Amino acid sequence: EVRLIRRTFENMKKAVKSWGKYVPWPVVQLLLRSDAEASINVHTREVTIYFSDIQSFTTIVESLPPEQSLLLLSRYFYDMSKVIDDFN
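Model, not experiment: these values are computed from the prediction.

Enquirer: Before we move on, can you summarise the confidence of the model for the protein with the specific residues and values?
Expert: In low-pLDDT regions, the fine details of the predicted coordinates are not to be read closely. Of the residues in the protein, 100% reach a pLDDT of 70 or more, and the chain-wide mean stands at 85. At the low end of the mean pLDDT range in the protein sits helix H2 (residues 25-34), at 81; at the high end sits helix H3 (residues 57-62), at 91.

Written as structure tokens, this is what we have:
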């Protein structure tokens, strides 16, 4: 029984880590803390879209392994999201 609980817990950790690769980590943490369940709902809303041009992006990522490129983009989007959130 303890093995089953441990295996289930390990699988849950893997699922959360995997989810964090596709969903911004602060969103994952918010859902976990709020004990909320993710759901797909469609709502009409006014939104602001952020477009960004990263100077020399192609040159930079061509010299990096894919994992570092992903890390670079994740950090960039996290930092930019924080600035946007700070100004509502």
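Enquirer: How would you explain unusual backbone geometry if you had to name every residue and give the values?
Expert: The backbone of serine 56 shows a phi angle near 60°, a positive value even though the residue is not glycine. By secondary structure assignment, the location of serine 56 is in the loop between H2 and H3. Classification of serine 56 as partly exposed rests on a relative accessible area of 43%.

What counts and what doesn't
Residues numbered from 1 in each chain as written. Predicted model: local features only at pLDDT ≥ 70, side-chain atom pairs only at ≥ 80, totals over all residues. Heavy atoms only, no water. pLDDT = per-residue confidence, 0-100. Helix = DSSP H or I, 4+ residues; strand = E, 2+ residues; numbered from the N terminus. Buried < 20%, exposed > 50% of the residue type's maximum accessible area, 1.4 Å probe, protein only.

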